[in-house]
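What the coordinates show
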Amino acid sequence: MSATIIDMPYVKVDVLSPDQLESDDIIKFDGEYLTVKSVDYVDGGYSINAENDFGEEYELFVNDNTKVDWYIYEY
């Protein structure tokens, strides 16, 4: 079975704090591009639910002062 992966180039546009993130934002975390599904405040930080291009879901816990790289698709 052959599979083709389309390489969508991303452009870094800003560095945001977790409270600035919104659903469908693209972030880079631990070297992987993720699409944000939700951001919730929890004691001492934020819980970010996101998924990669393969549909694998991640739950990230970050501190209030964490900065996250924010990306968009390059057209």
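Just above sits the structure.
The paragraphs below set out a description of the structure included in this document. (Residues numbered from 1 in each chain as written. Predicted model: local features only at pLDDT ≥ 70, side-chain atom pairs only at ≥ 80, totals over all residues. Heavy atoms only, no water.)

Focus on the sheet that holds strand β6 (residues 68-73)
The strand order across the open sheet built from 6 strands is β1-β6-β2-β3-β4-β5, with neighbouring strands paired in antiparallel fashion. Looking at which strands have only one partner, the edges of the open sheet turn out to be β1 (10-16) and β5 (57-63). Put simply, the sheet's adjacent strands are angled 45° from each other on average, direction ignored. (Pairing = 2+ DSSP bridges. Helix = DSSP H or I, 4+ residues; strand = E, 2+ residues; numbered from the N terminus. Axes fitted to C-alpha atoms, helices over the stretch in contact; angles between N-to-C directions.)

Considerations on the nonpolar core
Counting 11 residues, the largest nonpolar core consists of L16, L21, I27, L34, V36, Y46, I48, A50, L60, V62 and V68. In terms of residue count, the dominant contributor to this core is strand β4 (residues 45-51) (3 residues). Leave out the neighbours within four places in its chain, and I27 touches L21, E32, Y33, L34, V36, I48, L60, V68, D69 and Y71. (Core = buried A, V, L, I, M, F, W, Y, C linked by side-chain atoms within 4.5 Å. Buried < 20%, exposed > 50% of the residue type's maximum accessible area, 1.4 Å probe, protein only. Contact = heavy atoms within 4.5 Å.)

Here we look at a nonpolar patch on the surface
Taken together, the side chains of V11, V13 and I72 define a hydrophobic patch exposed on the protein surface, amounting to about 190 Å² of accessible area. If you trace the backbone, I72 turns up in strand β6. (Patch = residues over 30% accessible without salt bridge, like charges linked within 9 Å, V, L, I, M, F, W, Y side chains within 5 Å. Areas by Shrake-Rupley, 256 points an atom, 1.4 Å probe, with all protein chains shown as cover. Salt bridge = Lys/Arg side-chain N within 4 Å of Asp/Glu carboxyl O.)

Quick notes on the packing of aromatic side chains
One pass over the structure, following the stated rule, counts 4 aromatic pairs. Relative to Y46, the ring of Y41 has its centre 5.3 Å away and its plane inclined at 75°; by these criteria the two rings are edge-to-face. Connected via pairs of aromatic rings, a cluster forms that spans Y10, Y33, Y71 and Y73. (Phe/Tyr/Trp six-rings, centres within 6.5 Å; stacked < 30°, edge-to-face > 60°.)

Focus: the pairing of strand β3 (residues 32-42)
Relative to β3, strand β2 (residues 26-29) runs antiparallel, the two sharing 4 bridges. What sits directly across from K28, in β3, is Y33. The turn linking β2 back onto β3 is made up of 2 residues, and D30 within it adopts a positive phi angle of 55°. In terms of strand pairing, β3 meets β4 through 7 bridges, oriented antiparallel. Across the sheet, residue S38 finds its bridge partner in β4, namely N49. As consecutive antiparallel partners, β3 and β4 are separated by 2 residues, and within that stretch G44 has a phi angle of approximately 80°, a positive value.

Some thoughts on the pattern of salt bridges
Per the counting criterion, the structure on display carries 2 salt bridges. The partner of K12 in a salt bridge is D69, with the nearest N and O atoms 3.3 Å apart. One end of the pair, K12, is in strand β1; the other, D69, is in strand β6, and 57 residues separate them in sequence. Residue classification places K12 among the partly exposed residues on the basis of a relative accessible area of 46%. When its relative accessible area of 24% is taken as the criterion, D69 is described as partly exposed. K37 is the partner of E51 in a salt bridge, and the nearest nitrogen-oxygen pair spans 3.8 Å. Here K37 lies in strand β3 and E51 lies in strand β4, a separation of 14 residues in the sequence. For E51, a relative accessible area of 23% translates into the label partly exposed.

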